Amino acid sequence: GAGVSQTPSNKVTEKGKYVELRCDPISGHTALYWYRQSLGQGPEFLIYFQGTGAADDSGLPNDRFFAVRPEGSVSTLKIQRTERGDSAVYLCASSLGSGGYQETQYFGPGTRLLVL
Amino acid sequence: GIQVEQSPPDLILQEGANSTLRCNFSDSVNNLQWFHQNPWGQLINLFYIPSGTKQNGRLSATTVATERYSLLYISSSQTTDSGVYFCAVELDTGGFKTIFGAGTRLFVKA
């Protein structure tokens, strides 16, 4: 595709519900990142995929958060038992991932999650 | 953990003015990137600059890795330059964590 896309663009849910956020990276990019951005702050790293595997999930805040990338392309971030504090913009980025180190990251427009 | 500090936190410029944004980091890093987040929230990569100097139009950046800082220069600022500028570093710890600074919020007045 032309760029990184994320769906939905907005999601409103109730406390305790389960949500899934989807990211379609740029075609051919093997590296994929998830971040969370709260109002007035910089993006906070959650997880990094190289291909199908999570190479670094050290940023996931707790076991309610989980992400998958089963075919090495589309990724889904899953949040169980949502809490009001999970409200934020969830950003996805991708990069070529060919150099064995991080490269220029291209960001999607984000999913704005509001937990009531 | 590593600290990424950006200054100034806020900046107001008259259109046409020049400015310098600074990013200090407290530990060695594998790379550094500068991003611009526009008022609609879209993050755009400006520079991938682990060291040295790069220029792209009215923007240029310099990273001095040995002294743990990077500078972003904006010349002849335009109203479309408004938004938040972030620097982000990849830790040199064997993982792939990217740490963002808190950003510099720039407003360019016409």
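Relevant structure appears above.
Quick caveat, the model's predicted, so the values are computed rather than measured.

### Some points on the interface of chain A and chain B
With 22 residues of chain A at the contact, the number on the chain B side is 20 residues. For the pair chain A and chain B, the two sides together bury roughly 1700 Å², of which 52% comes from carbon and sulfur. Counting the contacts that link chain A with chain B gives zero salt bridges. Run the count over chain A and chain B and you get eight residue pairs in polar contact (both at pLDDT 80 or more).

### Some thoughts on the nonpolar core
Residues W34 and L72 of chain B are the most contacted members of the largest nonpolar core, which totals 23 residues. The set of elements that each furnish at least two residues to this core consists of strand 2 (10-14), strand 3 (19-25), strand 4 (29-37), strand 5 (43-48), strand 7 (59-64), strand 8 (69-74), strand 9 (83-91) and strand 11 (104-109) of chain B. Among the elements that line this core, the one with the most residues is strand 9 of chain B, at four residues. Among the nonpolar cores identified, the runner-up in size contains 20 residues, and W34, F49, L60 and A88 of chain A belong to it.

### Quick notes on the pattern of salt bridges
Residue and element names in this part refer to chain A. Inspection of every chain in the model, using the stated rule, returns five salt bridges over all chains. The shortest N-O distance in the salt bridge between R64 and D86 comes to 2.8 Å. Residue R64 is found in the loop between strand 6 (53-56) and strand 7 (65-68), and its partner D86 is found in the loop between strand 8 (75-79) and strand 9 (88-95); the two are separated by 22 residues along the sequence. Accessibility classification places R64 together with D86 in one group, the buried group.

### A look at the sheet that holds strand 8 of chain B
All names here are of chain B. Taken in spatial order, the five strands make up an open sheet running 1-3-8-7-6, and their pairing is antiparallel. If you trace the sheet from one side to the other, it starts and ends with strand 1 (4-7) and strand 6 (52-56), each paired once. Along the sheet, successive strands turn relative to each other by an average axial angle of 15°, direction set aside. Direction of pairing for strand 7 relative to strand 8: antiparallel, over a ladder of six bridges. Counterpart to A61 in the pairing with strand 8 is L72.

What counts, and at which threshold
Sequence order sets the numbering: in each chain, residues are counted from 1 along the sequence as written. The order in which chains are written sets their letters, starting at A; the order in which ligands are written sets their numbers, starting at 1. Where local features are concerned, this predicted model is filtered to residues with pLDDT of at least 70; where side-chain atom pairs are given and counted, the filter is 80 or more; whole-chain, interface and lining totals use all residues. The basis for the side-chain values is all heavy atoms of the structure; hydrogens and waters are excluded. Whether two residues are in contact is decided by their heavy atoms: any pair within 4.5 Å suffices. When two parts are brought into contact, each loses some accessible area as probed by a 1.4 Å sphere; the total of that loss over both is the buried area. Between Lys or Arg on one side and Asp or Glu on the other, a salt bridge is scored when a side-chain nitrogen of the former is within 4 Å of a carboxyl oxygen of the latter. Two N or O atoms form a polar contact when they lie within 3.5 Å of each other; inside protein one atom must be a possible hydrogen donor and the other a possible acceptor, and for residues adjacent in sequence the pair counts only when both atoms belong to side chains. Nonpolar core, defined: a set of buried Ala, Val, Leu, Ile, Met, Phe, Trp, Tyr and Cys residues in which side-chain atoms within 4.5 Å join the residues together. Buried means the residue's accessible area, taken with a 1.4 Å probe over protein chains only, is under 20% of the maximum for its type, while exposed means over 50%, and partly exposed covers the values in between. Only DSSP runs of H or I reaching four residues or more are called helices, and only runs of E reaching two or more are called strands; each is numbered from the N terminus. For two strands to be treated as a pair, DSSP must find no fewer than two bridges joining them. Between N-to-C directions, angles cover 0 to 180 degrees, with each direction set by a line fitted to C-alpha atoms, over the stretch in contact for helices.

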